[in-house]
Amino acid sequence: MDWKEEFRNALLDTTENPPDIREIVKPHIPKRLYKYGSFQSPYWKETIYKGKIYRSSPKAFNDPFDCKANFDFKKAVSTGKFRDELIKEYGKDVEAFSDLPDKAIQTIMEELRGCIYVSCFSEVWNSILMWAHYANNYNGFCVEYDMSQVRYNLICNLFPVLYEKYYIDITDKLLNYNKNAGTICNLSKAEEWSYEKEWRIIEGHDNPIYFRKQLKAVYLGMNCLEMYKQDIIQWAKKNSKEVYMIKPSPNKYELESQRIV
């Protein structure tokens, strides 16, 4: 069985004690991951020169369907271990949850969706679409990180995204108070986005990550302005970093890179 299929099956497991997804993923974490960016961002210098990576709430994502799942809320609060945990937290007031109108339930779910913070990466630096979408039509950049030097506590929260045709239903996972119920929501995305080959660090706070040591190289778009290019070249020489220029393949719909530092 392919490890990603094993990972997906473990996430879909609805029992009380599902397989450890971290142990499945850990041997397959890519040695390099990438993050696209734009010089139009006021934080681009922090991203490159300080290795600063911001976390985002799914509520701020450009895809409103990202990090969503199906579940029967009223069934989940009517019985099972999820209900038991709610009673521990809220007492007998949990009975009121069963009578909430659908609109109120949707509001609660959207609030829960905003309690998780995500740092997004890609397996690839040469995605034609991602350079267009996330790097300002090839005017921007892509940063390369050496994941073998990332702290253990972050690696433990790094997972590949699942690209799905349908929302995954987590009702049974909630009934059993399955520990992966929230994780699967934060890793689910429409299959149309599969070209991104995305990985995510998922945590419950928005403190930024600093990957200054892990930042290995910067790729510059073919339309990058000369002033940004020269600024980054000078920084790279002083800090022993690599810089590449992106260029189109002469005969294929592909991107190539040329090292300039």
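Shown above is the structure to which this text applies.
A count of helices and strands for the chain gives 11 helices and 12 strands. Considering the chain as a whole, with its 261 residues, one finds that 46% of them fall into the buried category. A separation of at least 24 residues holds for 79% of the contacts in the chain among residues at least 6 apart in sequence. Accessible surface for the chain amounts to roughly 14,100 Å². Of this, 49% is attributable to carbon and sulfur atoms.

Now for the pattern of salt bridges. Going through the model one piece at a time under the given rule, you end up with 15 salt bridges. Across the pair Glu123 and Lys4 runs a salt bridge, and its minimum N-O distance is 3.5 Å. You can see Glu123 sitting in the loop between β3 (117-122) and α7 (128-134) and its partner Lys4 sitting in helix α1 (residues 3-12), a full 119 residues away along the chain. Owing to a relative accessible area of 28%, Glu123 belongs among the partly exposed residues under this scheme. Of the charged contacts, one joins Lys52 and Glu46 as a salt bridge, the two residues approaching to 3.9 Å between their closest N and O atoms. Each of Arg32, Glu144, Asp146, Lys216, Glu242 and Arg259 takes part in one network of salt bridges that share partners.

This next bit is on the packing of aromatic side chains. Any pair of aromatic rings gets described here by the distance separating the centres and the angle formed by the planes. For the structure on display, the rule yields 18 aromatic pairs. Aromatic side chains Trp193 and Tyr195 sit 6.5 Å apart centroid to centroid with 25 degrees between the ring planes, which places their arrangement in the stacked category. For Trp193, a relative accessible area of 19% corresponds to the buried category. Each residue in the set Phe39, Trp44, Tyr49, Phe141, Tyr228 and Trp235 is aromatic and connected to the rest through ring pairs, giving one cluster. The residue whose ring lies beneath Lys35 is Phe121, and the NZ or CZ to ring-centre distance is 5.5 Å. Positioned above the aromatic ring of Trp193 is the side chain of Lys189, whose terminal nitrogen or guanidinium carbon lies 4.9 Å from the ring centre.

A separate point is the pairing of strand β11 (residues 242-248). Counting buried residues along β11, five of its seven residues qualify, which places the element largely inside the surrounding structure. Both strand β10 (residues 215-220) and β11 contribute to a ladder of four bridges, which runs parallel. By the bridge assignment, Leu220 is partnered in β11 with Met245. Between the parallel elements β10 and β11, the chain passes through helix α11 (residues 226-239) in a crossover that is right-handed. In terms of strand pairing, β11 meets strand β12 (residues 255-259) through five bridges, oriented antiparallel. Across the sheet, the residue bridging to Lys247 is Glu256, located in β12. Between β11 and β12, which pair antiparallel one after the other, the connecting turn spans six residues.

One turn of an α-helix holds 3.6 residues; hence residues three or four places apart share an orientation. The terminal C-alpha atoms of α11, which comprises 14 residues, lie 20 Å apart, in line with the 20 Å expected from a rise of 1.5 Å per residue. Residues of α11 that are buried: Tyr228, Ile232, Ile233, Trp235 and Ala236. Where the residues of α11 are buried, they touch α3 (44-49), β10 and β11. In the stretch just after α11, Ser240 is the one whose phi turns positive, near 55 degrees.

This part covers the side chain of Asp146. Along the polypeptide, Asp146 turns up in strand β4 (residues 141-146). With relative accessibility at 9%, the residue Asp146 sits in the buried group. Within the local environment of Asp146, its side chain forms a polar contact with the side chain of Ser148, the two groups lying 2.6 Å apart.

Calculation criteria
Residues numbered from 1 in each chain as written. Predicted model: local features only at pLDDT ≥ 70, side-chain atom pairs only at ≥ 80, totals over all residues. Heavy atoms only, no water. Helix = DSSP H or I, 4+ residues; strand = E, 2+ residues; numbered from the N terminus. Buried < 20%, exposed > 50% of the residue type's maximum accessible area, 1.4 Å probe, protein only. Contact = heavy atoms within 4.5 Å. Areas by Shrake-Rupley, 256 points an atom, 1.4 Å probe, with all protein chains shown as cover. Salt bridge = Lys/Arg side-chain N within 4 Å of Asp/Glu carboxyl O. Phe/Tyr/Trp six-rings, centres within 6.5 Å; stacked < 30°, edge-to-face > 60°. Lys NZ or Arg CZ within 6 Å of the ring centre and 35° of its normal. Pairing = 2+ DSSP bridges. Right-handed = clockwise from strand over helix to strand, strands pointing away. Expected span 1.5 Å × (residues − 1). Polar contact = N/O pair within 3.5 Å; in protein donor to acceptor, adjacent residues only side chain to side chain.

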